[in-house]
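Architecture at a glance
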Amino acid sequence: LDCSGQCHQDFAHQDNADLDRHDRLTCPTCHIPSFARDEATDMFRDWSNVHFDEDKGKYMYDQELEYDVEPVYAWYNGGRHAQAPGKAVRRDARGRVAMILPEGDRDDPQARIAPFKLHRGRLPVLKQQQWLAPLTTEELYVHGNPDQAVRDGVRHWYGLEVDADDFVWEETIRYMGIYHAVPPASEALRCVHCHREGGRMNWEELGYAADPWSKKSREDKDP
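Overview of the structure. Owing to the predicted nature of the structure, the values given are computational and were not obtained by experimental measurement.

On to the overall build of the protein chain. Along the backbone of the protein chain there are four helices and seven strands. Listing every helix and strand of the protein chain by position from the N terminus yields α-β-β-β-β-β-β-α-α-β-α. Split into buried and exposed, the 223 residues of the protein chain put 42% on the buried side. A separation of at least 24 residues holds for 68% of the contacts in the protein chain among residues at least 6 apart in sequence.

What follows deals with the nonpolar core. The biggest cluster of nonpolar side chains holds 16 residues, and the ones touching the most others in it are Trp47, Leu126, Val150 and Val154. Listing elements by their share of this core, those giving two or more residues are β1 (41-53), β2 (58-66), α2 (137-143), α3 (146-158) and β7 (167-177). With residues up to four places along the chain from it excluded, the contact list for Leu126 reads Trp131, Ala133, Val154, Tyr158, Leu160, Val162, Asp166 and Phe167. Core analysis: the second largest hydrophobic core is formed by eleven residues, Tyr73, Trp75, Met201 and Leu206 among them.

Moving on, we get to the packing of aromatic side chains. Each pair of aromatic rings is reported with the distance of its centres and the angle of its planes. All told, the structure shown has seven aromatic pairs when counted by the stated rule. Considering the side-chain rings of Phe116 and Tyr175, the 5.7 Å spacing of their centres and the 80° angle between planes classify their relative orientation as edge-to-face. On the criterion of sequence distance, the pair formed by Phe116 in strand β6 (residues 112-126) and Tyr175 in strand β7 is long-range, its members being 59 residues apart. The same class applies to Phe116 as to Tyr175, namely buried. Of the aromatic side chains, those joined through ring pairs into one cluster are Tyr76, Phe116 and Tyr175.

Right, let's get into the side chain of Arg96. With respect to the helices and strands, the residue Arg96 is situated in the loop between β4 (80-82) and β5 (97-102). For Arg96, a relative accessible area of 10% translates into the label buried. Of the polar contacts made by the side chain of Arg96, one reaches the side chain of Asp92; its length is 2.7 Å. Beyond its immediate sequence surroundings of up to four residues, Arg96 is in contact with Arg90, Arg91, Leu118, Glu171 and Ile173.

In the structure shown here, the tally under the stated rule is ten salt bridges. Taking the shortest distance from any N to any O, the salt bridge between Lys56 and Asp53 comes out at 3.8 Å. The salt bridge partner of Glu70 is Arg200, with a shortest N-O separation of 3.5 Å. A residue pair is termed long-range when its members are at least 10 positions apart, and Glu70 in the loop between β2 and β3 (72-76) and Arg200 in the segment after α4 (191-194) qualify at 130 residues. When its relative accessible area of 44% is taken as the criterion, Glu70 is described as partly exposed.

Residue position: Val162 is located in the loop between α3 and β7. For Val162 and Arg151, which are eleven residues apart along the polypeptide, the C-alpha to C-alpha distance reads 5.9 Å. In this structure, Val162 is in contact with Leu126, Arg151, Val154 and Phe167, ignoring residues within four places of it in sequence.

This part takes up the layout of surface pockets. Taken as a whole, the second largest pocket spans an internal volume of roughly 780 Å³. In this structure, the second largest pocket is lined by 28 residues; those nearest its centre are Ala74, Arg96, Leu101, Tyr175 and Glu205. Going through the elements one at a time, β3, β5, β6 and β7 are the ones with two or more residues in the lining of the second largest pocket. Counting residues per element, the lining of the second largest pocket draws most heavily on β3, at four residues. In the lining of the second largest pocket, the residues fall into 14 nonpolar, two polar and twelve charged.

Parameters and conventions
- Per chain, residues are indexed from 1 in the order of the written sequence.
- Local features are withheld for residues below a pLDDT of 70 in this predicted model, meaning they are given only at 70 or higher, and side-chain atom pairs are given and counted only at 80 or more; totals for whole chains, interfaces and linings count all residues.
- No hydrogens and no water enter the side-chain calculation; it runs on all heavy atoms of the structure.
- Here a helix means four or more residues in a row that DSSP labels H or I, a strand means two or more in a row labelled E, and each is numbered from the N terminus.
- Each residue's exposure class comes from its accessible area (1.4 Å probe, protein chains only) as a fraction of the maximum for that residue type: buried when under 20%, exposed when over 50%, partly exposed otherwise.
- Residues count as neighbours in contact if any of their non-hydrogen atoms are within 4.5 Å of one another.
- Buried Ala, Val, Leu, Ile, Met, Phe, Trp, Tyr and Cys residues form a nonpolar core when they are joined through side-chain atoms within 4.5 Å.
- The pairing test for Phe, Tyr and Trp rings, Trp by its six-membered ring, is centres within 6.5 Å, and the orientation test on the planes gives stacked under 30 degrees, edge-to-face over 60, and tilted for anything in between.
- By the criterion applied in these results, polar contacts are pairs of N or O atoms within 3.5 Å in which, for protein atoms, one can donate a hydrogen and the other can accept it, and in which residues neighboring in sequence qualify only through two side-chain atoms.
- By definition here, a salt bridge exists when the distance from a side-chain nitrogen of Lys or Arg to a carboxyl oxygen of Asp or Glu is within 4 Å.
- Points on a 1 Å grid, built from protein atoms alone, make a cavity when a 1.4 Å probe fits but cannot get out and make a pocket when they are open with protein on both sides within 12 Å along at least 5 of 7 lines; residues with an atom within 4 Å of a point are the lining residues.
- Grid points are joined across faces, edges and corners, and a volume is the space filled by probe spheres set on the points.
- Asp, Glu, Lys and Arg are counted as charged, while Ala, Val, Leu, Ile, Met, Phe, Trp, Tyr, Cys and Pro are counted as nonpolar; the rest, among them Gly, fall into the polar class.

In structure tokens:
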């Protein structure tokens, strides 16, 4: 996440010293304004809803592909929460199951704002245990039966016998780091992309009462 000392020994912005004050941003935050510019990327995958794909010759999950996607932004200190099997699921403020979440917040001196691909999905969760319910992709691809794929997966992984009433399909989220396909510096974000009404930063979710450079937050010294 930090380009200095690795590839770029002198990363100062010669034409605008104010940019160097943004020491609570990672380099990709400004230098990767969008991703999947040349090839579509998977942004949503629903394992509960399948269809037969004639080209692939098998049943496939529903999927949404997108081009030229704007990242979401979150504090990141290098650590992460990763949902493990056999552990109670963790949900975000909206009730979505958090598969992978970056750790850190505004009060964490090691954290900086970083860009992420926010991948969404629908996966099964065991109602009683609140565990992720694994599914056997072979069953789903061949027979196109998501419920049977879940029952087989739970039997194989946990040694439990379940039926359709024992699990529920839930929305999931996964924050994925963005590090590649950096465009020329001339395409990097400018001040107005973030510091304006309707800009790309959700300041409230990042822990600010308002844009830190706005009149309302003039006393806030963090960039």
